[in-house]
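Report on the structure
For reference, the chains in residue letters:
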Amino acid sequence: MRLTGVSSESVWTGLSVTTTLPNPSTRPGLRLPGRVMLTAGGADVAVRHIRLGLIAQVEPEDPEAPRRLLQYHQVPIAGRFVVPAGRRRAVDFAMPLPWETPVTMFGGVPLMSLRTGLRTEVSVDPDLDQGAMVPVLVYPLPTQQHILAALDTLGFVMRQAGLQHGRLPGVDQTLPLHERLGFWVAPLYAGPITELEVIFVTNAAGLEVLLWMDRRLSLAGVTHQSISRFRIWHAGADRRDWVATVDGWLRRAIDRHAAAAAPAGWSATVRESAHVSRRPDEPVAPGYGLGGTAGGAGVGGGGAGDGT
């Protein structure tokens, strides 16, 4: 393995530890290859284990608490061994990334202030060194890329991106955090909503897309909030009309959001766009999830329109 990418080095207790990634760019669900190089000083060094962890700065569940670094995924790559005095020991790895790994890059540039790092933990009796972090650049999966590009095409402007510690109610998650992407609403959809937050919960087959409307305004007591959920598969992503798909999600979610705050029998529909059309033969799966509630974070919505 030729290592020409990024690296970090930690020197302590007679042992030098260097972690190198030949390519720090990756995607959720892939393996991140690299090498940990350990060099002993003037005495033998007994290593108990080596573990790799993914680290990110997250917002706590308590809004009054400060941000903190959270290790949200850890993988062991070596057990006990001895590095002889003056010798080196290389440990190659191919770390599997969770499907829910937060995306930190979009369009070739960092996604706001989001960052993820890889930290090497080396345990040497009686010490534990967690070392410096190597930056990892996580690009979106094709399905995530298409959805974000469709939102951009429809006129949504990203205003913030962050990681929230904690789990979403009624959503099957494997990691103790989730990523929130906040957008100013596009002119086409203005009126029923002011802000939109998008959350991806991904697995090997596909992803759930949560459209969270007017959460911040609801917390300020200005209006209500609602969440609609849609499911999409990774297979066939390149053959889908993504602008039409995302437009359809938004219209169903906005109608539901507006109806939750309106008098009985009243409904509001986003005006049709001349450049957006839904396929007339596109099937729509039945809704799933929890029913919505006015004035709170109701969860509901329909399927992705792909027969889920």
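What comes next concerns the included structure. (Residues numbered from 1 in each chain as written. Predicted model: local features only at pLDDT ≥ 70, side-chain atom pairs only at ≥ 80, totals over all residues. Heavy atoms only, no water.)

Quick look at the overall build of the protein now. Looking only at helices and strands, the protein features 3 helices and 19 strands. Within the protein, the fraction of its 308 residues that count as buried is 50%. Within the protein, contacts between residues separated by at least 24 positions form 63% of all contacts whose residues are at least 6 apart in sequence. Counting only carbon and sulfur atoms, one obtains 53% of the accessible surface of the protein, whose full area is about 14,100 Å². (Helix = DSSP H or I, 4+ residues; strand = E, 2+ residues; numbered from the N terminus. Buried < 20%, exposed > 50% of the residue type's maximum accessible area, 1.4 Å probe, protein only. Contact = heavy atoms within 4.5 Å. Areas by Shrake-Rupley, 256 points an atom, 1.4 Å probe, with all protein chains shown as cover.)

Moving on, we get to the packing of aromatic side chains. Describing an aromatic ring pair means giving the distance of the ring centres and the angle of the ring planes. Going through the model one piece at a time under the given rule, you end up with 3 aromatic pairs. Aromatic pair Phe156 and Phe183: ring centres 6.5 Å apart, planes at 90°, arrangement edge-to-face. Placement of Phe156 in the loop between α1 (142–153) and β14 (157–165) and of Phe183 in strand β15 (residues 177–184) is noted, with a sequence separation of 27 residues between them. For the pair formed by Phe156 and Phe183, the shared burial category is buried. Here Phe230 and Trp249 contribute two aromatic rings whose centre-to-centre distance is 5.4 Å and whose plane-to-plane angle is 15°, an arrangement assigned as stacked. On the criterion of sequence distance, the pair formed by Phe230 in strand β18 (residues 226–233) and Trp249 in helix α3 (residues 242–261) is long-range, its members being 19 residues apart. (Phe/Tyr/Trp six-rings, centres within 6.5 Å; stacked < 30°, edge-to-face > 60°.)

Another point: the pattern of salt bridges. What the rule picks out here adds up to 7 salt bridges. With a closest N to O distance of 2.7 Å, Glu208 and Arg229 form a salt bridge. Of this pair, Glu208 sits in strand β17 (residues 206–213) while Arg229 sits in strand β18, and the two are 21 residues apart along the sequence. For Glu208, a relative accessible area of 8% gives the class buried. The buried category is assigned to Arg229, whose relative accessible area is 5%. Residues joined by salt bridges that share partners form a network here, namely Arg159, Glu195 and Glu197. (Salt bridge = Lys/Arg side-chain N within 4 Å of Asp/Glu carboxyl O.)

Once that is clear, we can look at the nonpolar core. With 66 residues, the main nonpolar core has Leu38, Val47, Leu118 and Phe156 as its most contacted residues. Residue contributions to this core peak at 7 residues, all from strand β5 (residues 45–58). Excluding anything up to four places from it in sequence, Phe156 contacts Leu151, Phe183, Trp184, Val185, Ala186, Tyr189, Leu196 and Leu250. (Core = buried A, V, L, I, M, F, W, Y, C linked by side-chain atoms within 4.5 Å.)

Across the 8 residues that make up β17, a large majority, 8, are buried. Where burial is concerned, the two faces of β17 agree: the one with Gly206, Glu208, Leu210 and Trp212 and the one with Leu207, Val209, Leu211 and Met213 are both buried. Where strand β16 (residues 195–202) meets β17, 7 bridges bridge the pair, whose relative direction is antiparallel. Looking across to β17, one finds that Ile199 is bridged to Leu210. Counting the residues that bridge the hairpin from β16 to β17 gives 3 residues. (Pairing = 2+ DSSP bridges.)

Attention shifts here to α1. Here α1 contains 12 residues, and its C-alpha end-to-end distance of 16 Å stays within 8% of the 16 Å for a straight helix at 1.5 Å per residue. When we look at burial in α1, the residues that qualify are Thr143, Gln144, Ile147, Leu148, Ala150 and Leu151. Here the buried residues of α1 occupy an arc of 155° about the axis, which is enough to place them on one side. (Expected span 1.5 Å × (residues − 1). Arc of directions from axis to C-beta.)

Turning our eyes to something else, we now look at unusual backbone geometry. With a phi angle near 55°, Met112 is a residue other than glycine that sits in the positive phi range. What makes Met112 partly exposed here is its relative accessible area of 37%.

This next bit is on the pairing of strand β2 (residues 15–21). Taken across its 7 residues, β2 has 7 buried, putting it largely inside the fold. Across the two faces of β2 the burial is the same, with Leu15, Val17, Thr19 and Leu21 and Ser16, Thr18 and Thr20 all buried. Examined bridge by bridge, β2 and strand β4 (residues 31–40) share 6 bridges and lie antiparallel to one another. Paired with Thr20 across the two strands is Arg35, which belongs to β4.

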